[in-house]
Amino acid sequence: ERLAQMARIPVTQAPTLLPKLQMANAAMFDLGKDVYIYETLLTDIGLAVSGSNQKVCFYEPETLQKTCLLDYHKDQLTQIRSRETGLFTCSADKQIAHWDLRQALTSPVQVFKANDPLLSFDISANNTFLVGGSILNDSYSANITFWDPRVPSTPVKLFENSHSDDVSQIHCCPSAPNQFLSGSTDGLLCTFDASQSDEDDALLYVANTNASVAKCGYFGPDSQFIYAQSDMETLQLWTNDSTQLADFGDVRDIKESGIPIDYMVDFRYDPQTERLYMVSGTNGGDIHLLHVGAGSFEHVQALASGHSAIVRAFDWGIGQEWAVSGGEDGHLTWWSTNVPLASPLANPLQLSSDTKKTFGSGEHGNVGSSNGNRRFSPY
């Protein structure tokens, strides 16, 4: 049973819910013009940052000194993920590359190949399978492809019928190693049991969001809940057996409450406090952090002056009191709770063009308690 969309989202202020983050450092991702940052991800060897130039750069946390560069893919990077000592990079070139972070990053140690350009992927919690989602191909099929990590060259099975449009999201369940979630621009959220070979047997639940799914994911102590963000900036919450919990509608409506957001960036779940947070932004580059309740938002804090354009990436160590953001302005910004009151850091948005060329070279009840693709033409 679907819930009625909220007429207006209740919003309160909760500035003490989290330690206050402040801008601590910034760098330019690339010297080239119009290079966007897509994703930021903290790994064992530093901060991995993917960009619209098909490259992944590594930076030292805090100092943002560039350490190395991955230049392998020949088409758009669509997603990066880390797992233990590895980094996985996914591309529209129909490949997922696995990089061993313990070795020199001259070439990937494994390459998983698909028949169609890939938009999304994940690795199971027990590392027994890798699964990727493709675009809608010329045969009007949007495939979900499976690989055995021990045999990367050949897929072990293919699901072709569950989605009728681009598979924009794949998430393996942290608490159920055989289960994974797919989200698609056809509006469906599908939950599968990957241990089943037949697609009909594997499909456990289907939820229809009636909106193109841009991002989705698990949250909750036992990964029992799902958030779903659409490319029309609507937000819904579901149980993982496809019961809808909340339909917030267009989150941009909270502008009426004085929170000027234009889009959602991402979501982060804090397992310590069992809270789900929404990272949102403005077209001018400000970031707003909100706690997502069962039917309301709490505005926690705003991060200003780190960007001058749309923010695409935000990685956040909630318990470690740091965050990093990247945007369409090419800025990579480090945020920390441990910034001196008289920090000498210049505002990166006020740097001269010459300086930019060298800068950085080198609160309510908790839900969760006990392209043609939007990624490339967002908001």
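Note that the coordinates shown come from a computational prediction; the quantities given were computed from them, not determined experimentally. (Residues numbered from 1 in each chain as written. Predicted model: local features only at pLDDT ≥ 70, side-chain atom pairs only at ≥ 80, totals over all residues. Heavy atoms only, no water.)

Draft legend 1. Examining unusual backbone geometry more closely. Here the phi dihedral of Tyr140 falls at roughly 60°; this positive angle occurs in a residue that is not glycine. Secondary-structure assignment places Tyr140 in the loop between strand 12 (130–136) and strand 13 (142–147). For Tyr140, a relative accessible area of 68% gives the class exposed. (Helix = DSSP H or I, 4+ residues; strand = E, 2+ residues; numbered from the N terminus. Buried < 20%, exposed > 50% of the residue type's maximum accessible area, 1.4 Å probe, protein only.)

Draft legend 2. Main features of the sheet that holds strand 10 (residues 110–113). Pairing is antiparallel in the open sheet, where 4 strands are placed in the order 7-8-9-10. Bordering the open sheet on either side are strand 7 (77–83) and strand 10, each of which pairs with just one other strand. Across the sheet, the mean angle from the axis of one strand to that of its neighbour is 15°, orientation sign disregarded. Pairing of strand 7 with strand 8 (residues 86–91) involves 6 bridges; the strand directions are antiparallel. Its bridge partner lying in strand 8, Arg81 is registered against Phe88. (Pairing = 2+ DSSP bridges. Axes fitted to C-alpha atoms, helices over the stretch in contact; angles between N-to-C directions.)

Draft legend 3. Inspection of the packing of aromatic side chains at higher detail. Counted by the stated rule, this structure contains 17 aromatic pairs. An aromatic cluster of three or more residues is present, and its members are Phe129, Phe146, Phe159, Phe180 and Phe192. Above the face of the Phe121 ring, Arg81 is positioned so that its terminal group lies 6.0 Å from the ring centre. In this structure, Lys157 packs its charged tip against the face of Phe146, placed 4.8 Å from the ring centre. (Phe/Tyr/Trp six-rings, centres within 6.5 Å; stacked < 30°, edge-to-face > 60°. Lys NZ or Arg CZ within 6 Å of the ring centre and 35° of its normal.)

Draft legend 4. Spotlight on empty space enclosed by the protein. Quantified by volume, the largest cavity comes out at close to 40 Å³. Leu18, Pro19, Leu21, Trp316, Ile318, Glu321 and Thr337 are the residues that line the largest cavity. The residue inventory of the lining of the largest cavity, partitioned by class, reads 5 nonpolar, 1 polar and 1 charged. (1 Å grid on protein atoms, 1.4 Å probe; cavity = no way out; pocket = protein on both sides within 12 Å on 5 of 7 lines; lining within 4 Å. Points joined across faces, edges and corners; volume = space filled by probe spheres on them. Nonpolar A, V, L, I, M, F, W, Y, C, P; charged D, E, K, R; others polar.)

Draft legend 5. Seen up close, the confidence of the model for the protein chain. Averaged over the protein chain, the pLDDT score is 89; the fraction of residues at 70 or greater is 87%. Here residues 350–366 is modelled with pLDDT under 50, and outside its nearest four sequence neighbours on either side it reaches 36 contacts, counting other chains as well. Within the model, the stretch residues 368–379 combines pLDDT values under 50 with 40 contacts to residues more than four positions away or in other chains. (pLDDT = per-residue confidence, 0-100. Contact = heavy atoms within 4.5 Å.)

Draft legend 6. Main features of the nonpolar core. Core analysis: the biggest nonpolar cluster contains 19 residues, and Leu235, Leu237, Phe248, Phe267, Met278, Val292 and Phe297 have the highest contact counts within it. Of all elements in the fold, only strand 20 (225–230), strand 21 (234–239), strand 22 (244–250), strand 23 (263–270), strand 24 (275–281) and strand 25 (287–292) reach the threshold of two or more residues within this core. The residues contacting Phe267, other than those within four sequence positions of it, are Tyr227, Gln229, Leu235, Leu276, Tyr277, Met278 and Val292. Core analysis: the second largest hydrophobic core is formed by 18 residues, Tyr263, Val265, Leu289 and Trp335 among them. (Core = buried A, V, L, I, M, F, W, Y, C linked by side-chain atoms within 4.5 Å.)

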